[in-house]
Amino acid sequence: MTTLHVVPIGDQVDHDTSTADVDCVCGPEVRPATQADGSVGWLLVHHSLDGREHASP
Ligand SMILES: [Zn+2]
């Protein structure tokens, strides 16, 4: 199954796009996405972070 990552450009944090899991620090939103060939994949929408509203432990 295909997983696509949508990452904010120029964000200050490094987003983990190397895995299909939702392991990124920003807590990506997962949406089902129908692709051009009709197959269904997953869209991981990453959130921009500036470190203030989501302080990492
Ligand atoms: Zn992220």
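Cut-off values and rules
Residues numbered from 1 in each chain as written. Predicted model: local features only at pLDDT ≥ 70, side-chain atom pairs only at ≥ 80, totals over all residues. Heavy atoms only, no water. Helix = DSSP H or I, 4+ residues; strand = E, 2+ residues; numbered from the N terminus. Buried < 20%, exposed > 50% of the residue type's maximum accessible area, 1.4 Å probe, protein only. Contact = heavy atoms within 4.5 Å. Areas by Shrake-Rupley, 256 points an atom, 1.4 Å probe, with all protein chains shown as cover. Pairing = 2+ DSSP bridges. Axes fitted to C-alpha atoms, helices over the stretch in contact; angles between N-to-C directions.

## Examining the overall build of the protein chain
- Scanning the protein chain for helices and strands turns up zero helices and three strands.
- In sequence order, the protein chain lays out its α and β elements as β-β-β.
- Looking at the protein chain as a whole, 18% of its 57 residues are labelled buried.
- For the protein chain, restricting intrachain contacts to residue pairs at least 6 apart in sequence, the fraction spanning at least 24 positions comes to 44%.
- For the protein chain, the computed accessible surface area is about 4100 Å², with 50% contributed by carbon and sulfur atoms.

## Considerations on the sheet that holds strand S3 (residues 40-45)
- An order of S1-S3-S2 is seen for the three strands of this open sheet, with the pairing classed as mixed. Either end of the sheet is taken by a strand with one partner, and the two such strands are strand S1 (3-6) and strand S2 (29-34). Mean inter-strand twist for the sheet, computed between neighbouring axes without regard to direction, equals 30 degrees.
- As paired elements, S1 and S3 share four bridges and run parallel to each other. Bridging from a neighbouring strand, Leu-4 pairs with Leu-43 of S3.

## Overview of the pairing of S2
- Bridge analysis of S2 against S3 gives six bridges, and the strand direction is antiparallel. Paired with Thr-34 across the strands is Val-40, a residue of S3.
- Hairpin connection, S2 to S3: the antiparallel pair is bridged by five residues, and Gly-38 has positive phi, about 90 degrees.

The analysis is restricted to geometry; functional conclusions fall outside its scope.
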